[in-house]
Amino acid sequence: MVFAGKRILLGVSGGIAAYKAAELVRRLVGLSARVKVVMTRSAQEFVGPLTFQALTGEKVATAMFGPESEPLEHISLGQEVDAIVLAPATANLIGKLAGGLGDDLLTTIMLAATKPVLLCPAMNVEMWANPVVQGNVARLQGRGITVMEPASGSLACGAVGLGRLPEPDLIVEALARLVSPQDLAGYKVLVTAGPTHEDFDPVRFLTNRSSGKQGYALARVAWRRGAAVTLVSGPTALAAPYGVNRVMVRSARDMLAAVRERFVEADALLMAAAVSDYRPTQAEILKIKRCHEEMQFHLTQNADILKQMAPKKTRQIVVGFAAETHDLEAEARRKMQEKQLDLIVANDVNRPDSGFQVDTNEVTIIPREGEPVSLPLLSKEEVAAKILEVVAGLLKARDWGTAGA
Ligand code: CTP
């Protein structure tokens, strides 16, 4: 949804990673973006313009002058789009941008560009480490250009180290922030996700069916919308969302400690984790052997993390989640009251396409004040966007309230 209808300008300069730019275009077009490609002369030594033309369905801009060039393209292209991505950006391109040169179509477009820019350098490890290149990158950052650190690995030149173009999926994520509303810019958002594992012994534990997908979607979307995000995650198989500071924990007690440490400086806490309410009273150090016909375990209640945070609340917007099998709204409202929440997100986990493990969710957002909003079945990312819109509204209201006081 983020890229639907968005216009992206992709500048490709001459490095071996130019072939990866084709994959980037495929991803963006697959996400319904409209992509216009500009290639430098040396980029065309690595990949033909026809490749990009076939992938985008648009003519590729390659020259300032001559029969192929469009009048005023060197001005309009960097102004009409929603965002610009330069991938790969060579040391030469970076140097020219830093120095303000405009000796070909791409650099001239960049001189006149008014839209957010994502620069994705890719080059030999020594070139990247060169203080001149680093200085140029710092100058561009100082002018508000977002720079993606190159990835580490084996490079086409045979060297190993920093210099690889980041994978297209990561570039897409970084670009998503540039085309998203920035209503959470300047805020620190703390999200919890996933289940917890409560150990019986070194190989067995008590857990639940949470996959962590809704919490991870919240973290990803909050980052896109400009927040500094920390994700406290129970054990899941999910990859850390790009740009997000992820802290992995195991048990409810670990999660409580991690949240407690970070709550004071957070502007909002979104407690999407399915925290285990109980843990085995005693976790055995050695593996429990199969020697009894029947076994009984004692369980001890874990602390409620939200309840523990409530007395520490100064300015934080606190959001809880209620996954219920019955009495959905009544249960959610009870929890909102008991846990002193500003907002609770309730979902019915009886449905196979909503709640645990699946990629979709059907939720009702219930604010402390005001009417509940029942959303249709949406992707977890879309649900995250709706929740975060409400959170951004509450944060703004809080700030205006403080400013007025
Ligand atoms: N929660 C928490 N600490 C716990 C248990 C839950 O902070 N030890 C949070 C969850 O992350 C969620 C909210 O409380 O945001 C509601 O969780 P839920 O399991 O539905 O509520 P419980 O209070 O545990 O109630 P019950 O299991 O009896 O329905």
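Overview of the structure. (Residues numbered from 1 in each chain as written. Predicted model: local features only at pLDDT ≥ 70, side-chain atom pairs only at ≥ 80, totals over all residues. Heavy atoms only, no water.)

**Brief notes about the environment of Phe 3**
Argument step 1. Considering the arrangement of structural elements, one finds Phe 3 in the segment before β1 (7-12).
Argument step 2. Residue Phe 3 is classed as buried on the basis of its relative accessible area of 3%.
Argument step 3. Sequence separation between Phe 3 and Ser 32 is 29 residues; the distance between their C-alpha atoms is 6.0 Å. (Helix = DSSP H or I, 4+ residues; strand = E, 2+ residues; numbered from the N terminus. Buried < 20%, exposed > 50% of the residue type's maximum accessible area, 1.4 Å probe, protein only.)

**Things to note about the pattern of salt bridges**
Argument step 1. Tallied over the full model, the rule gives 27 salt bridges.
Argument step 2. We note a salt bridge from Asp 169 to Arg 27, for which the minimum N-O separation is 2.2 Å. Highlighted residues: Asp 169 in helix α9 (residues 168-178) and Arg 27 in helix α1 (residues 18-30), separated in sequence by 142 residues.
Argument step 3. Given the relative accessible area of 29%, Arg 27 is considered partly exposed.
Argument step 4. For Lys 335, the salt bridge goes to Glu 324, with nearest N and O atoms at 2.4 Å. (Salt bridge = Lys/Arg side-chain N within 4 Å of Asp/Glu carboxyl O.)

**Comments concerning the nonpolar core**
Argument step 1. If you look at the biggest cluster of nonpolar residues, it comprises 35 residues, and the most contacted ones within it are Leu 184, Val 191, Leu 218, Val 229, Leu 270, Ile 387 and Val 391.
Argument step 2. Of all the secondary-structure elements, those providing two or more residues to this core are β8 (188-193), α10 (213-224), β11 (228-233), β13 (268-271), β16 (317-324), β17 (343-348), β19 (363-367) and α14 (380-404).
Argument step 3. A total of 8 residues in this core trace back to one element, the largest contributor, which is α14.
Argument step 4. One finds Val 12, Met 39, Val 172 and Leu 175 within the second-largest nonpolar core, a separate group that totals 34 residues. (Core = buried A, V, L, I, M, F, W, Y, C linked by side-chain atoms within 4.5 Å.)

**A few points about the sheet that holds strand β20 (residues 373-374)**
Sheet strands line up and pair through hydrogen bonds in the backbone, either parallel or antiparallel.
Argument step 1. One open sheet holds the 8 strands; their spatial order is β12-β11-β8-β13-β16-β17-β19-β20, and the pairing between them is mixed. Strands at the two margins of the open sheet, each flanked by one partner only, are β12 (245-248) and β20.
Argument step 2. Sheet topology places β19 next to β20; 2 bridges connect them, and they run antiparallel. Considered in β20, the bridge of Thr 364 is made with Ser 374.
Argument step 3. Running at roughly 150 degrees to β17, helix α13 (residues 328-338) makes contact with β16, β17 and β19 of the sheet. (Pairing = 2+ DSSP bridges. Contact = heavy atoms within 4.5 Å. Axes fitted to C-alpha atoms, helices over the stretch in contact; angles between N-to-C directions.)

Purely geometric numbers; function is a separate question.
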